[in-house]
Structure formats: C-alpha cells, structure tokens
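Here is what each chain is made of, one letter per residue.
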Amino acid sequence: MKGVESNEQNKGIMYAFSAYLLWGVLPLYWKLLDTISAIEILAHRIVWSFLFVFAIILITKKGKQLKQQLGSLIHRKKVLLGIVISSLLVTSNWFIFIWAVNSNHIIETSLGYYINPLVSVLLGVLVLKERLSFWQTVSFALAGIGVLILTFQYGSFPWVSITLALSFGLYGLVKKMANLDSLIGLMLETMIITPFALYFLISIQAKGNGTFLNTSVDQQLLLVGAGVATALPLLWFAQGARRIPLSMVGILQYIAPTISLMIGVFLFNEEFTKTHLITFIFIWSALVIYSFSKTKLMVALQPKIGKKRSISA
C-alpha cells in the first residue's frame, strides 16, 4: 500500500510541477503574439479553450455529467450566478495578464501571483470566517508593508499586481463555493463567455481589423493553441491536487511566479530596482512564514496571545 501511495504522490508532484512550469513560461507564449491586441488574443483564448475543453469532455466521456450539471443549473440559481461571476473574473484575469505581459509588465504579474495565495487566505477569513494564527497574521503584515513600499516609492498603486491577485483569488473563492468538477466548471465558464468572444472576432474580421485571416499560419496556430495552453495546466493541476497534500501544492505554486520573474528580468530586461527587491523580500518573507506557520516549530515559537487566537489545522 505504501508503494502505491508513494507512486500516486510522485505522479501528483509531476502533474502539479508541470502545471506550474507551464504557467511560469506562459509569458513567452503571449510574447510571440505581441503584435496582436490583448483583447483579440483574449477572445481567441476563450473560444479555443471552450472547444478544447469540450473535446476533452467528449474524449473522457464526461458528456453525461455535463448534461446533468446543465440541467441542475435551472434549479440552482446560486450556482449559476457563481459560474457567471467566475467566468467574468477569469476573463478579466486573462486579459490583464496578456496585456501586462505584452506591455512589458512581467515583473508586476509575477508579484501579483506571489501575493495571490495570501489574498486567497484573506478572502477565506473575510468571507468564509476562517481564522488566522499569529504567524499567518505576521505574514499578511509583511506582505502589506511590501506593497505599501512599492506604492509610495513609485507614487502609484501597483494595480496590475493587485488586480491579478484579487481576480484570481476571488475566482478561486467562487469556484470553491460552487463546488463543481474543475473540467466541467471551466467548460461552463468558457461556454458563457464564448458567444461574446465569437461576436467580437466576427465583428472585427468583418470590418477588416481582424488578425486571424490576415496573418501567417504560425500566428494562426499560436492563437488556436492558446486554448490548449490555457486548459492543459488546469487539467494537470487538478490531477496533481488530488494526489498530493495541500501544503505541498502551496509550496509548488511559487514555481510559476519565480519563472515569470526570471523571464521578465533576464530575458526581456525589465527594470528591477532596489524598491522592487525590497518589496519582493517582504513578499517572499511573508510567503515563507505563511508556508511554515502550521509546523510544530512555528506553533511552539508563537506568543501565548497568538496561541489563543489560532485554530489548529
């Protein structure tokens, strides 16, 4: 039995690692399409994601499950509302990410996805009434200080980072509350927004402003492949999350923003100032403290007032 469990965990690590690796290098993919507007890339991403996920559902014989979910949504208005909201959130997240990457803000996207886990936990506290331990509270304070330093130093709010973190954090919260299969959920989300994306693509093509029919085969294939690049890591992540502990998922998720940060700094020579470094040090410190906040050592080290406030996992 232990051998089987170990094999399953190894598979889970491979799936999760592959998902975060692909998410990490995704900026390189969007850079190959930087001559096309972010809104048009987004529309293609939505349409081809829908078609790819629909094909996967047919191949995996989940059509019956999809039909059942669609039928039950008529009587589950809250779940339907949740799917609509999640489709809007993920669409906005995709658009901001594509725009930021192709506008040379990869470092800001990296910061956003470093902040995202902390935002998710904060939403759990505010919405689901979860409680934080002493060290988790400290991690939030450090992250907040980091963001404030960046804000005051540049005189402008890091809206790309915060919007990405908030939109994806809220997306995860809504998905958790809707409690749908990840594949079926993505199918329903893209299905809702696909008609609007198709209308947009047909409209700009009719006006002669569309890119798809007027570009190279390579670019066309990249636009079609956007659906695969979107859905594949989600499927891998779902497979990995089922096989490994949540704590391990929490550590692996920092692979993606770390790769993005390296890409922004070393491949595209985006400016990485001392202020960025200080901000990232605060964020990284917050993430380390949060990741180990429930270990026996950290629990033993927390002040007595923290022990009273915390709830064991």
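Above this text is the structure in question.
This section reports on the structure supplied with the text. (Residues numbered from 1 in each chain as written. Predicted model: local features only at pLDDT ≥ 70, side-chain atom pairs only at ≥ 80, totals over all residues. Heavy atoms only, no water.)

Taking 1.5 Å of rise per residue, 25 residues should cover 36 Å, and helix 8 (residues 182-206) covers 35 Å from first to last C-alpha, within 8% of that figure. Taken as a whole, helix 8 carries its principal kink of about 40° at isoleucine 193; the proline proline 195 stands between one and four residues after it. (Helix = DSSP H or I, 4+ residues; strand = E, 2+ residues; numbered from the N terminus. Expected span 1.5 Å × (residues − 1). Bend = angle between axes of the 7 residues up to and from the residue.)

Let us now look at the packing of aromatic side chains. Per the counting criterion, the structure on display carries 15 aromatic pairs. A ring pair is formed by tyrosine 114 and phenylalanine 280, whose centres lie 5.8 Å apart and whose planes are at 85°; its orientation type is edge-to-face. Here the residue tyrosine 114 occupies a position in helix 5 (residues 106-127), and phenylalanine 280 occupies one in helix 12 (residues 274-291), the gap between them amounting to 166 residues. On the basis of relative accessible area, phenylalanine 280 is assigned to the buried category, the value being 0%. Plain terms: the ring middles of phenylalanine 280 and tryptophan 284 are 5.3 Å apart, the flat faces sit at 50° to each other, and that makes the pair tilted. With phenylalanine 280 and tryptophan 284 both in helix 12 and 4 residues apart, this pair spans about one turn of that helix. Owing to a relative accessible area of 30%, tryptophan 284 belongs among the partly exposed residues under this scheme. An aromatic cluster is present here, built from Phe97, Tyr113, Phe168 and Tyr171 joined pairwise through their rings. Lysine 31 extends its terminal NZ or CZ atom over the ring of phenylalanine 268, reaching a point 4.8 Å from the ring centre. (Phe/Tyr/Trp six-rings, centres within 6.5 Å; stacked < 30°, edge-to-face > 60°. Buried < 20%, exposed > 50% of the residue type's maximum accessible area, 1.4 Å probe, protein only. Lys NZ or Arg CZ within 6 Å of the ring centre and 35° of its normal.)

With that out of the way, let us pick up helix 2 (residues 38-59). Over its 22 residues, helix 2 runs 31 Å from end to end, which matches the ideal 32 Å to within 8%, given 1.5 Å per residue. Once helix 2 finishes, lysine 61 follows within two positions and takes phi at roughly 60°, a positive value.

To continue, consider the pattern of salt bridges. It is possible for side chains bearing opposite charge to pair when their charged atoms get close. According to the stated counting rule, one finds 3 salt bridges in the structure shown. Note that lysine 11 and glutamate 8 form a salt bridge whose closest N and O atoms lie 4.0 Å from each other. Separated by 3 residues within a single helix, lysine 11 and glutamate 8 lie in helix 1 (residues 2-31), roughly one turn from each other. On the basis of relative accessible area, lysine 11 is assigned to the partly exposed category, the value being 37%. Glutamate 8 sits in the partly exposed class, given a relative accessible area of 28%. For lysine 175, the salt bridge is made with glutamate 189, and the minimal N-O distance between the two is 3.3 Å. One end of the pair, lysine 175, is in helix 7 (residues 159-178); the other, glutamate 189, is in helix 8, and 14 residues separate them in sequence. Here glutamate 189 falls in the buried class, since its relative accessible area comes to 3%. The network of salt bridges with common partners includes Glu8, Lys11 and Arg243. (Salt bridge = Lys/Arg side-chain N within 4 Å of Asp/Glu carboxyl O.)

Next up on the list: the environment of valine 119. Tracing the backbone through its elements, the reader meets valine 119 in helix 5. Valine 119 sits in the buried class, given a relative accessible area of 12%. For the pair valine 119 and serine 6, spaced 113 residues apart in sequence, the C-alpha to C-alpha distance is 32 Å. Residues contacting valine 119, with those up to four places away along its chain left out, are Ala165, Leu166 and Gly169. (Contact = heavy atoms within 4.5 Å.)

Right, let's get into the side chain of arginine 45. For arginine 45, the location among the structural elements is in helix 2. For the buried arginine 45, no salt bridge is present, and the opposite-charge side chain at shortest range is glutamate 189, 11 Å distant. Separated by 2.6 Å, the side chains of arginine 45 and threonine 230 make a polar contact. (Lys, Arg positive; Asp, Glu negative; His and termini not counted. Polar contact = N/O pair within 3.5 Å; in protein donor to acceptor, adjacent residues only side chain to side chain.)

Grouped together as the largest cluster of nonpolar side chains are 50 residues, with contacts concentrated most on Tyr29, Trp30, Leu33, Val53, Ile57 and Leu188. Among the elements of the structure, helix 1, helix 2, helix 3 (63-73), helix 4 (77-102), helix 7, helix 8, helix 9 (217-241) and helix 11 (255-267) are those that each provide at least two residues to this core. Once you skip the residues sitting within four places of it in the chain, tryptophan 30 turns out to touch Ile41, Arg45, Phe97, Ile98, Val101, Asn102 and Ala226. (Core = buried A, V, L, I, M, F, W, Y, C linked by side-chain atoms within 4.5 Å.)

Geometric values such as these leave the question of function open.
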